[in-house]
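Chains, contacts and geometry: an overview
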Amino acid sequence: MRLTLRPYQDENDYWRIRAFLREVFLLNGRRELSWQVARLDYWRYFGNPNFEKYPLEQAIYYWETDDGHIAAMICPESRGQVYLNVHPGFAARILDAEILQVAEDCLSEPDAETGGRKLTVWAHQHDTQRVQVLTERGYIRGDWPEMQHRRSLELPIPEVAIPSGYTIRALGDRNELPMRSWLSWRVFHPNEPDTNYMGWDWYLDIQRCPLYRRDLDLVAVAPNGELAAFCGIWYDDVTRAGYFEPVGTAPEHVRRGLARATMTEGLRRLKSLGGIQAHVGGYSEAANALYARVMSPDHLVYERWHWKTKPV
């Protein structure tokens, strides 16, 4: 069947792509062999406008059939890092090769070291077809993979003790956003000077995401009233899957079980909404140890593959 490459054009395309990702996720048995809708939304409404700043017309490309069904889509999550989302009914070496060519032409970035271009493409460890195509095109497997953990919500959810004096609840109203934003800064930028802090308005972009629910935006509150940990959850009632992003604990509150307790409360809330599966991705040893304990040892390995050109 003939497929036509199209760049992103308008808001209607965005909602078509969301429907495509839901379809592919379900066809893949709720395994993250493609992006979930939550990951696309998080990039589009938060990551891109605050960091990458791509015009969507230059960041999203998709392939569709003559009768208008999307067969594949690529999108960067950060500059020079590309994710391939392919409908399992159209998976083929020739399509993977075409997608990679478009990614190299349109989404690669300048390489300061060589003066050429560079690109990182993500592929699952056991996707032998894509790994073979990447290898043939000169890509080299990198380190720092993402471990994609998942848990069936049909399993019993264990009781997890909350440390004495702490409480877990949903994030408060707009007045609490500066405190929540400052906590994120301290968790994710421990080695940066506080003068680089970007303020708190970005959290309004998080709350613009179509799947955002404040009852799933959880925080752990310390005895003194300060926010000590957080856990954001995105629930898609079409796929009945929950996606945890982000999860973090303030440095002075670590090793007290707050992240585990907050995530476990999130699992209970997802189940009460009719969710049947939960997902979270981790990179560091500590994060993956936590996620394996909260979710299950069951996970997929999503690897980086690097490509570089030399200057002409």
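Residues numbered from 1 in each chain as written. Predicted model: local features only at pLDDT ≥ 70, side-chain atom pairs only at ≥ 80, totals over all residues. Heavy atoms only, no water.

**So, the environment of P178**
- Its location among the elements puts P178 in helix α5 (residues 177–188).
- The class of P178 is partly exposed, set by a relative accessible area of 31%.
- Taking the C-alpha atoms as reference, P178 lies 8.6 Å from Y203; in sequence the two are 25 residues apart.
- Dropping the residues within four chain positions of it, P178 is found in contact with Y197 and W200. (Helix = DSSP H or I, 4+ residues; strand = E, 2+ residues; numbered from the N terminus. Buried < 20%, exposed > 50% of the residue type's maximum accessible area, 1.4 Å probe, protein only. Contact = heavy atoms within 4.5 Å.)

**A look at the layout of surface pockets**
- Within this model, the second largest pocket holds a volume of roughly 380 Å³.
- Along the wall of the second largest pocket there are 17 residues; nearest its centre are R31, L33, H124, H126 and D127.
- Elements represented by at least two residues in the lining of the second largest pocket include exactly α4 (128–136) and β14 (299–308).
- In terms of residue count, the dominant contributor to the lining of the second largest pocket is β14 (three residues).
- Residues belonging to the lining of the second largest pocket are distributed by class as follows: six nonpolar, seven polar and four charged. (1 Å grid on protein atoms, 1.4 Å probe; cavity = no way out; pocket = protein on both sides within 12 Å on 5 of 7 lines; lining within 4 Å. Points joined across faces, edges and corners; volume = space filled by probe spheres on them. Nonpolar A, V, L, I, M, F, W, Y, C, P; charged D, E, K, R; others polar.)

**Side note on the side chain of N288**
- Tracing the sequence through the fold places N288 in helix α8 (residues 285–294).
- On the basis of relative accessible area, N288 is assigned to the buried category, the value being 12%.
- Within the local environment of N288, its side chain forms a polar contact with the backbone oxygen of Y283, the two atoms lying 3.5 Å apart. (Polar contact = N/O pair within 3.5 Å; in protein donor to acceptor, adjacent residues only side chain to side chain.)

**Notes on helix α2 (residues 37–52)**
- For α2, which comprises 16 residues, the first-to-last C-alpha distance of 19 Å sits more than 12% below the rise-based estimate of 22 Å (1.5 Å per residue).
- The axis of α2 is deflected most strongly, by about 40°, at W43.
- Across the 16 residues of α2, 13 count as buried, placing the element largely inside the fold.
- Immediately downstream of α2, the backbone of K53 shows phi near 60°, a positive value. (Expected span 1.5 Å × (residues − 1). Bend = angle between axes of the 7 residues up to and from the residue.)

**Topic: the packing of aromatic side chains**
- Overall, the coordinates contain 17 aromatic pairs when judged by the stated rule.
- Considering the side-chain rings of W122 and Y283, the 6.3 Å spacing of their centres and the 70° angle between planes classify their relative orientation as edge-to-face. Of this pair, W122 sits in strand β6 (residues 117–124) while Y283 sits in the loop between β13 (277–282) and α8, and the two are 161 residues apart along the sequence.
- Ring centres 5.0 Å apart and planes at 85° place the aromatic pair W182 and Y197 in the edge-to-face group. One end of the pair, W182, is in helix α5; the other, Y197, is in the loop between α5 and α6 (202–208), and 15 residues separate them in sequence.
- Among the residues examined, Y197 registers a relative accessible area of 24% and is labelled partly exposed.
- Following the ring pairs from residue to residue traces out a cluster consisting of Y42, F46, F51, W202, Y203, Y212 and W234.
- Stacked on the ring of Y45, the Lys or Arg R44 has its end atom at 4.7 Å from the ring centre.
- For R79, the ring lying beneath its charged end belongs to Y54, and the centroid distance is 3.8 Å. (Phe/Tyr/Trp six-rings, centres within 6.5 Å; stacked < 30°, edge-to-face > 60°. Lys NZ or Arg CZ within 6 Å of the ring centre and 35° of its normal.)

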